[in-house]
Amino acid sequence: MKAVWRRRPSPAMVLACLALAVALGGTGYAAIVLPANSVGTKQIKNNAVNSSKVANGSLLGADFRAGQIPAGPAGPAGPGGVAGPAGPFPDTLPTGKTIRGAYNIGGTAAAAGALANTSISFIFPFATTPTVKIVLQGAAAPAECTGNATSPQAQAGFLCIYEESRTNSVGVTLNAVQRSGATIFTNSSAAGGFFSFGAWAATGN
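Quick caveat: nothing in here was measured; it's all calculated off a predicted structure.

Caption draft 1: Main features of the pairing of strand S7 (residues 192-203). In terms of strand pairing, strand S1 (residues 98-109) meets S7 through 12 bridges, oriented antiparallel. Residue pairing in the sheet places Thr 98 in a bridge with Thr 203 of S7. Bridge count between strand S4 (residues 158-167) and S7: eight bridges; the pairing is antiparallel. What sits directly across from Tyr 162, in S7, is Ala 199.

Caption draft 2: View of the pattern of salt bridges. Tallied over the entire structure, the rule returns one salt bridge. Linking Glu 163 and Arg 166 is a salt bridge whose minimum nitrogen-to-oxygen distance equals 2.6 Å. Taking the relative accessible area as the measure of exposure, Arg 166 reaches 28% and is therefore partly exposed.

Caption draft 3: Representation of the environment of Ala 116. Turning to its location among the elements, Ala 116 is positioned in strand S2 (residues 115-121). Spatially, the C-alpha atoms of Ala 116 and Ser 188 are 8.3 Å apart, while their sequence positions differ by 72 residues. When sequence neighbours within four positions are dropped, the list of residues in contact with Ala 116 reads Ile 105, Gly 106, Ile 184, Phe 185, Thr 186 and Phe 194.

Caption draft 4: Fine view of the sheet that holds strand S5 (residues 173-177). Strand order in this open sheet of three strands is S2-S6-S5, and the pairing throughout is antiparallel. Since the sheet does not close on itself, it has two edges, and those belong to S2 and S5, each with one partner. Pairwise comparison of adjacent strand axes, ignoring direction, gives a mean angle of 25° for this sheet. Here S5 runs beside strand S6 (residues 181-187); their pairing, made up of four bridges, is antiparallel. Counterpart to Ala 176 in the pairing with S6 is Thr 183.

Caption draft 5: Spotlight on the nonpolar core. Membership of the largest hydrophobic core comes to 15 residues, with the highest contact counts inside it found for Phe 122, Leu 159, Ile 161, Trp 200 and Ala 202. Within the residue set of this core, elements represented by two or more residues are S1, S4, S6 and S7. Sorting elements by how many residues they give to this core places S1 first, with three residues. When neighbours within four sequence positions are excluded, Trp 200 is seen to be in contact with Ile 99, Arg 100, Gly 101, Ala 102, Ile 120, Ser 121, Phe 122, Pro 152, Leu 159, Cys 160 and Ile 161. One finds Val 135, Cys 145, Ala 154 and Ala 201 within the second-largest nonpolar core, a separate group that totals eight residues.

Caption draft 6: Main features of unusual backbone geometry. The phi dihedral of Asn 168 falls on the positive side, at around 50°, and the residue is not glycine. Note that Asn 168 resides in the loop between S4 and S5.

Caption draft 7: Representation of the pairing of S4 in the model. With five bridges joining them, strand S3 (residues 131-135) and S4 adopt parallel strand pairing. The residue of S4 that forms the bridge with Ile 134 is Ile 161.

Caption draft 8: Spatial organisation of the state of the cysteines. Counted under the stated rule, the structure contains one disulfide. Across a sulfur-sulfur distance of 1.9 Å, Cys 145 and Cys 160 are joined as a disulfide pair. Between Cys 145 and Cys 160 the sulfur-sulfur dihedral comes to about -80°; the bridge is accordingly left-handed. You can see Cys 145 sitting in the loop between S3 and S4 and its partner Cys 160 sitting in strand S4, a full 15 residues away along the chain.

Caption draft 9: Just the sheet that holds S3, in detail. Read across the open sheet, the four strands follow the order S1-S7-S4-S3; overall the sheet is mixed. In the strand order of this sheet, the two ends are held by S1 and S3, each with one partner. The average angle at which neighbouring strand axes cross in this sheet is 20°, direction not considered.

Caption draft 10: Representation of the packing of aromatic side chains. In the structure shown here, the tally under the stated rule is three aromatic pairs. On the basis of an interplanar angle of 55° and a centroid distance of 5.1 Å, the ring pair of Phe 122 and Phe 126 is categorised as tilted. Each member of the pair, Phe 122 as well as Phe 126, is classed as buried. Note on Phe 195 and Phe 197: the rings are 5.8 Å apart at their centroids and 15° apart in plane angle, and the pair reads as stacked. Taking the relative accessible area as the measure of exposure, Phe 195 reaches 28% and is therefore partly exposed. Residue Phe 197 is classed as partly exposed on the basis of its relative accessible area of 27%. Connected via pairs of aromatic rings, a cluster forms that spans Phe 122, Phe 126 and Trp 200.

Conventions and cut-offs
- Every chain is numbered on its own, with residues counted from 1 as its sequence reads.
- The predicted origin of the model limits local features to residues at a pLDDT of at least 70 and limits the giving and counting of side-chain atom pairs to 80 or more, whereas totals for whole chains, interfaces and linings rest on all residues.
- The basis for every side-chain value is the complete set of non-hydrogen atoms in the structure, without hydrogens or water.
- In this description, strands pair whenever DSSP reports at least two bridges between them.
- Starting at the N terminus, helices and strands are each numbered in turn, a helix being any DSSP run of H or I of at least four residues and a strand any DSSP run of E of at least two.
- By definition here, a salt bridge exists when the distance from a side-chain nitrogen of Lys or Arg to a carboxyl oxygen of Asp or Glu is within 4 Å.
- Only protein chains enter the calculation, and the probe is 1.4 Å; a residue is then buried if its accessible area is under 20% of its type maximum, exposed if over 50%, and partly exposed in between.
- What makes two residues a contact is simply this: any of their non-hydrogen atoms within 4.5 Å.
- An axis is simply a line fitted to the C-alpha atoms; with a helix, the fit covers only the stretch in contact. Between two such axes, the angle follows the N-to-C directions and lies from 0 to 180 degrees.
- For our purposes a nonpolar core is just a set of buried Ala, Val, Leu, Ile, Met, Phe, Trp, Tyr and Cys residues, chained together by side-chain atoms within 4.5 Å.
- Cysteine sulfur atoms are paired as a disulfide whenever they come within 2.5 Å of each other.
- Aromatic pairing here means that ring centres of Phe, Tyr or Trp (its six-membered ring) are within 6.5 Å. Orientation follows from the plane angle: under 30 degrees is stacked, over 60 is edge-to-face, and everything else is tilted.

The following block contains the structure:
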């Protein structure tokens, strides 16, 4: 009988077969044993997730740490706003703007000719000294003073003084006028109480 000769596998062949078995076994284990949603950040290698693994447009701003997304360039400047009104404290009374007030002067006279006076102070000074017009009680108003003691008016550059009422008085007269105000006065017609009161208007020139 002829002897049967059996050739033994080489060590290299044995190692190759073992490596193949381990590789196939590991893949099958991972596919069969790992449950769904069990892979976390610890199981993912660093830098394993790249742009090709992320769907375009799927990330939100909340997915990024604060300060990681740089701000874009500044946009163009918007159109200028509408100019606001003049401030409350101009250097001079604006042209065409009217300020108004009232006056009341009087006293008790020992005889005729007693003096009583008061001041008119403009809130804002005039650019130049205004021209004064006095409208006595019952007198016709000039063209520059179209109002009355109830609703005083004055054209630009004028101070109009409207006497509304007087008793034992010769009527209101002007003593002095400046850019910032004026002084008016009245005199008694006889002994006793006397007064004159009214209103005024001044319009910027």
